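Chain and residue survey
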Amino acid sequence: MVPYRVIYRVGEQAEVPDGLKDEDVSYQLVPIYDTLWAHRDEIGPGRAFDEPFDYRGHTLPAAIDGDDYGEDRANTPWGYDQDTGETLLPGDWFLDPARALAYHARFEGEFSTTYVHNPYLEDLGLIDP
């Protein structure tokens, strides 16, 4: 049996648990675009992010700056390095998922990698809005 347990549920606002046995704590889902992505240029020691990498000519952070439990251990959603050489780049799984899926999956018929809307690639100027 687990001696301590905190249960989180999606809610209207984020809460702090009352203790190690709080079984009704809400958390709030917030858009990555309006939160992490909006601060992507804040790179460097003591700023939001660290470990810059090049994504198709743009400098993006691969890690969230921090020293708890290891230096800069938490990746940004676009910072996972799952490249495959020239075909997929670090960041493609998040920023260009159609490209990543086209590489890893096989489909019968046509599979389009053209986006109706991709705000991340639009912000980087890699596709037209």
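Residues numbered from 1 in each chain as written. Predicted model: local features only at pLDDT ≥ 70, side-chain atom pairs only at ≥ 80, totals over all residues. Heavy atoms only, no water.

Core analysis: the biggest nonpolar cluster contains 10 residues, these being Trp37, Phe53, Tyr55, Leu60, Ala62, Trp78, Leu95, Tyr120, Leu121 and Leu124. Of all the secondary structure elements, the ones that give two or more residues to this core are β3 (49-55), β4 (58-64) and α3 (119-123). The contacts of Phe53, once residues within four sequence positions are left out, are His58, Thr59, Leu60, Pro61, Ala62, Trp78, Gly79 and Pro90. (Core = buried A, V, L, I, M, F, W, Y, C linked by side-chain atoms within 4.5 Å. Buried < 20%, exposed > 50% of the residue type's maximum accessible area, 1.4 Å probe, protein only. Helix = DSSP H or I, 4+ residues; strand = E, 2+ residues; numbered from the N terminus. Contact = heavy atoms within 4.5 Å.)

Further remarks concern the packing of aromatic side chains. Ring pairs (aromatic) are described by centroid distance and by the angle formed between their planes. What the rule picks out here adds up to 7 aromatic pairs. Summarising the aromatic geometry, the rings of Trp78 and Phe94 are spaced 5.9 Å apart at their centres and angled 55° between planes, so their arrangement reads as tilted. Here Trp78 is found in the loop between β5 (74-75) and α1 (92-95), whereas its partner Phe94 is found in helix α1, with 16 residues between them in sequence. Judged by relative accessible area, Trp78 falls into the buried class, the value being 0%. For the ring pair Phe107 and Phe111, a centre distance of 4.3 Å and an interplane angle of 0° mean the geometry is stacked. You can call Phe107 partly exposed: its relative accessible area is 40%. With relative accessibility at 32%, the residue Phe111 sits in the partly exposed group. Put simply, the rings of Tyr33, Trp37, Phe49, Trp78, Phe94 and Tyr120 touch in pairs and so form one group of aromatic residues. (Phe/Tyr/Trp six-rings, centres within 6.5 Å; stacked < 30°, edge-to-face > 60°.)

By themselves, these figures tell us nothing about what the structure is for.
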